[in-house]
Amino acid sequence: MANRLVTIFITCLVALLAVFFSYRSPQQPNGQSLFTVEELALYNGTDESLPIFLGILGSVFDVTKGKSHYGVGGSYNHFAGRDASRAFVSGNFTGDGLTDSLRGLSNTEVKSVVEWRQFYFKGYTFVGKLVGRYYDSQGNPTKSLKGVEAKAARGAQLLEKQKLEEAKQPSCNSRWSQDEGGEVWCEDGFPRLVQRPLEIALTGKMSKRCACFKDYQLDQPGLEVYEGCDFLAKACRV
Ligand code: HEM
Ligand SMILES: *[C@@H]1O[C@H](CO)[C@@H](O)[C@H](O)[C@H]1NC(C)=O
Ligand SMILES: *[C@@H]1O[C@H](CO)[C@@H](O)[C@H](O)[C@H]1NC(C)=O
């Protein structure tokens, strides 16, 4: 009798464990939630009986509850069943645009992809990792992933520094209207165009802003008077 109870108990335990582990790892043979590109592709929303999975920076999320976006016919169906990390900043959902490579993207662009991954961690369920560019076959982060995260962190640092730098030199006021076009002006000081010093490091591009300089600052290098505007004008058309 006691033997029989033990047998029943063990059978139940095994069944419970089996259910538990099958929930934890939907289809992984090794018990780890690791996907190959081909396995992930099955969860592209085509098969209604399967959940929809999305990969970003090698992290895989169940986005079934966002079926209207990610399901067949949804605007973001191209993100389903694959890792198209690059398309989160390029917006290019065609052909080679659907890649997980971030090569050549700027610090701020890479930062934005990392923020998208955060968006999925917050709003959806993490289900595993995609083996490839960002995770090795053991599920450990690759050099590529560490590189991406470092680049994003550098972007965040530079943005912070840029904010502090720009706070030192007040920005111009500006307005724009259909009839009158654009105008910049300073309550205190004179409008000048200046290069944003960290912009190249941040985005790889040049970018200027309008800042207000006092009369004694006007001989600083790198200050550009607006075209068609007087040296000591307080307002300039742009
Ligand atoms: C780089 C370009 C873009 C990317 C990568 C992108 C990505 C996304 C993603 C992933 C979602 C789904 C978010 C979720 O799971 O809730 C989404 C939602 C949405 N996007 Fe975009 N998007 C882009 C551009 C645009 C543009 C240009 C518009 C508008 C003209 C737009 C309008 C929307 C709207 C209305 C939603 C739905 C919000 C909701 O129903 O909760 N997106 N976008
Ligand atoms: C989408 O998923 C279905 C099954 O779920 C699979 O047969 C098909 O090949 C997948 N499509 C792509 C482009 O991988
Ligand atoms: C998307 O990327 C592909 C491959 O890199 C390129 O040929 C195509 O012109 C791009 N499309 C857009 C709209 O940028």
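Just above sits the structure.
Predicted model, so just to flag it, every value in this text is computed and none were measured.

K.L.:
So what exactly am I meant to see when it comes to the side chain of Glu183 here?
P.N.:
In this fold, Glu183 is placed in strand S6 (residues 181-185). Engagement of the side chain of Glu183 in a polar contact is seen with the side chain of Arg175, the distance being 2.8 Å. Excluding its chain neighbours within four sequence positions, the residues that come into contact with Glu183 are Asn173, Ser174, Arg175, Ala235, Cys236, Arg237 and Val238.

K.L.:
Any chance you could explain the site of ligand 2 here in plain terms?
P.N.:
Looking at ligand 2, the residues that line it are Ala41, Leu42, Asn44, Thr46, Asp47 and Leu50. Ala41 places a main-chain nitrogen or oxygen 3.4 Å from an oxygen atom of ligand 2. Interatomic distance of 2.6 Å between a backbone N/O atom of Leu42 and an oxygen atom of ligand 2. Burial of ligand 2 by the surrounding chains reaches 45%, relative to a free accessible area of 360 Å². Of the residues assigned to the shell around ligand 2, the class counts are 3 nonpolar, 2 polar and 1 charged.

K.L.:
Would you take a moment to explain unusual backbone geometry for this structure?
P.N.:
Residues other than glycine predominantly adopt negative phi, and peptide bonds predominantly adopt the trans conformation. Even without being glycine, Leu57 reaches a positive phi, approximately 50°. Tracing the backbone shows Leu57 in the loop between strand S2 (53-56) and strand S3 (59-62).

K.L.:
Which parts of the structure should I look at to understand the sheet that holds strand S1 (residues 34-35)?
P.N.:
Adjacent strands of a sheet form backbone hydrogen bonds with each other and so pair up, either parallel or antiparallel. The 4 strands lie next to each other as S1-S4-S3-S2, forming an open sheet whose pairing is mixed. With one partner strand each, in any of the chains shown, S1 and S2 form the two edges of the open sheet. In the sheet, S2 pairs with S3 via 4 bridges, with the strands oriented antiparallel. The residue of S3 that forms the bridge with Phe53 is Asp62.

Conventions and cut-offs
- Residues numbered from 1 in each chain as written.
- Chains lettered and ligands numbered in written order.
- Predicted model: local features only at pLDDT ≥ 70, side-chain atom pairs only at ≥ 80, totals over all residues.
- Heavy atoms only, no water.
- Helix = DSSP H or I, 4+ residues; strand = E, 2+ residues; numbered from the N terminus.
- Polar contact = N/O pair within 3.5 Å; in protein donor to acceptor, adjacent residues only side chain to side chain.
- Contact = heavy atoms within 4.5 Å.
- Near = heavy atom within 4 Å.
- Areas by Shrake-Rupley, 256 points an atom, 1.4 Å probe, with all protein chains shown as cover.
- Nonpolar A, V, L, I, M, F, W, Y, C, P; charged D, E, K, R; others polar.
- Pairing = 2+ DSSP bridges.

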